[in-house]
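One letter stands for each residue in the lines below.
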Amino acid sequence: MKKGKKYVEALSKIEKNKTYTKEEAVKLVKETSTTSFDSSVELAIKLNLDTKKADQQLRGAIVLPNGTGKVKKVLVIAKGAQAEAAKAAGADFVGDMDMLEKIEKENWFEFDTMVATPDMMPQLGKLGKILGPKGLMPNPKTGTVTMDTKKAVEEIKKGRVEYRTDSYGNVHVLIGKVSFEDAKLIENMDALMSVIQKSKPAAVKGKYILNVAIASTMGPGIKIALENFDN
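Structure report, in brief.

On a plain count of helices and strands, the protein chain comes out with eight helices and nine strands. In summary, the protein chain has a C-alpha radius of gyration of 19 Å against a globular reference of 17 Å for 231 residues, a match within 12%. Dimensions of the protein chain along its principal axes, counting C-alpha atoms only, are 55 × 45 × 35 Å. For the protein chain, long-range pairs separated by at least 24 residues make up 72% of all intrachain contacts whose partners lie at least 6 apart in sequence. Accessible area for the protein chain stands at about 12,200 Å²; split by element, carbon and sulfur atoms hold 51% of it.

This is the structure we're talking about:
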């Protein structure tokens, strides 16, 4: 695949095989952003995990101190008091079977995150084949299956991000936008790395974090030296 002129130019600013400090990496991620819009900034973390083993799969959520710069649309599947609490907290869509039917029959996906109360999960399970591949299935580990719909909606709106390992042990998480101040991107990065470090499975032997890189949308990856994080 031929890389665009802007990408090649951006890549030339990065020294091959060099790892940078957090501060250098954040500056470079802004300089190497190739899009005309305010790009997202993503952190990619390679972990020494055998994700075939259940006890070595990471999954969770964190409210970033400075948010992500993106306001998420939230759908809450709940009844009664929990539905009312979700509406009051600012959920974009609230319903129960009517919303699930809309997804199933109309292929409706005008939301970014779904929250559900535990009693609704059996009904939601029937839509697993549709929701699963899109990463929209609520999960207790990420706080999206909960009796506290108010807290869930508020946290998502504040900038809660979910993280999970892929089959190769990589975690990719949005940590902000190119327009963020350097210090705010670094603060978000540190908060995420701290959670990843604290979540180290007991079964991991040897080195846990193998490498960390930062990149903007369609921009090249910039490796960050692991000494920047207390490994």
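A separate point is the sheet that holds strand 7 (residues 170-177). Across the sheet, four strands lie side by side as 7-1-8-9; this open sheet has antiparallel pairing. What marks the edges here is a single partner per strand, and that holds for strand 7 and strand 9 (222-224). Pairs of neighbouring strands in the sheet enclose a mean axial angle of 25 degrees, with direction left out of account. Across seven bridges, strand 1 (residues 40-47) lies against strand 7 in antiparallel orientation. By the bridge assignment for strand 7, Lys46 is matched with Asn170.

Using a probe with the size of a water molecule, rolled over the atoms, empty space left in the structure can be pinpointed. In this structure, the largest pocket encloses a volume near 470 Å³. Lys72, Gly135, Val161, Glu162 and Tyr163 are, among the 20 residues lining the largest pocket, the residues nearest its centre. Sorting the residues of the lining of the largest pocket by element identifies strand 5 (113-116), strand 6 (160-164) and strand 7 as the ones contributing at least two each. When grouped by side-chain class, the residues that make up the lining of the largest pocket number eight nonpolar, five polar and seven charged. Volume-wise, the second largest pocket comes out at about 170 Å³. Its residues placed into classes, the lining of the second largest pocket shows four nonpolar, two polar and four charged.

Among the secondary structure elements, Leu210 is positioned in strand 8 (residues 209-216). Through-space distance from the C-alpha of Leu210 to that of Asn170 is 9.8 Å; in sequence the pair is 40 residues apart. Discounting chain neighbours no more than four positions away, the residues touching Leu210 are Lys46, Leu47, Asn48 and Leu226.

Okay, unusual backbone geometry next. Even without glycine at this site, Asn17 takes up a positive phi of about 65 degrees. Relative to the elements of secondary structure, Asn17 occurs in the loop between helix 1 (5-11) and helix 2 (22-31). Positive phi outside glycine occurs at Asn107, with the angle close to 55 degrees. Note that Asn107 resides in the loop between helix 4 (97-106) and strand 5. A relative accessible area of 56% places Asn107 in the exposed class.

Orientation of helix 2 relative to helix 8 (residues 182-198), taken along the N-to-C sense of each, is 120 degrees, at an axis distance of 10 Å. When the axes of helix 2 and helix 8 are compared, the pair comes out oblique. Along this stretch, helix 2 crosses helix 8, giving a crossing that reads as right-handed. The segment helix 2 lies against helix 8, with Lys22, Glu23, Val26, Lys27 and Lys30 engaging Asp182, Leu185, Ile186, Met189 and Asp190.

Bringing empty space enclosed by the protein into the picture now. Counted under the stated rule, the structure contains one cavity of 30 Å³ or more. If you add up the space inside the largest cavity, you get close to 50 Å³. Along the walls of the largest cavity sit Lys72, Thr113, Ile156, Arg160 and Glu162, which together make up its complete lining. Looking at the lining of the largest cavity, its residues break down into one nonpolar, one polar and three charged.

One pass over the full model with this rule turns up three aromatic pairs. When the ring of Trp108 is compared with that of Phe111, the centres are 5.3 Å apart and the planes differ by 45 degrees; the resulting orientation is tilted. The class of Trp108 is buried, set by a relative accessible area of 8%. These aromatic residues form a ring-pair network of at least three members: Phe93, Trp108, Phe109 and Phe111. The lysine or arginine in question, Lys134, covers the ring of Phe109, its NZ or CZ lying 4.5 Å from the ring centre.

Parameters at a glance
Residues numbered from 1 in each chain as written. Predicted model: local features only at pLDDT ≥ 70, side-chain atom pairs only at ≥ 80, totals over all residues. Heavy atoms only, no water. Helix = DSSP H or I, 4+ residues; strand = E, 2+ residues; numbered from the N terminus. Rg over C-alpha atoms; globule rule 2.2 N^0.38 Å. Contact = heavy atoms within 4.5 Å. Areas by Shrake-Rupley, 256 points an atom, 1.4 Å probe, with all protein chains shown as cover. Pairing = 2+ DSSP bridges. Axes fitted to C-alpha atoms, helices over the stretch in contact; angles between N-to-C directions. 1 Å grid on protein atoms, 1.4 Å probe; cavity = no way out; pocket = protein on both sides within 12 Å on 5 of 7 lines; lining within 4 Å. Points joined across faces, edges and corners; volume = space filled by probe spheres on them. Nonpolar A, V, L, I, M, F, W, Y, C, P; charged D, E, K, R; others polar. Buried < 20%, exposed > 50% of the residue type's maximum accessible area, 1.4 Å probe, protein only. Parallel < 35°, antiparallel > 145°, perpendicular 65-115°, else oblique. Left-handed = near helix turned anticlockwise from the far one by under 90°. Phe/Tyr/Trp six-rings, centres within 6.5 Å; stacked < 30°, edge-to-face > 60°. Lys NZ or Arg CZ within 6 Å of the ring centre and 35° of its normal.

Everything listed is a geometric property; what it means functionally is a separate question.
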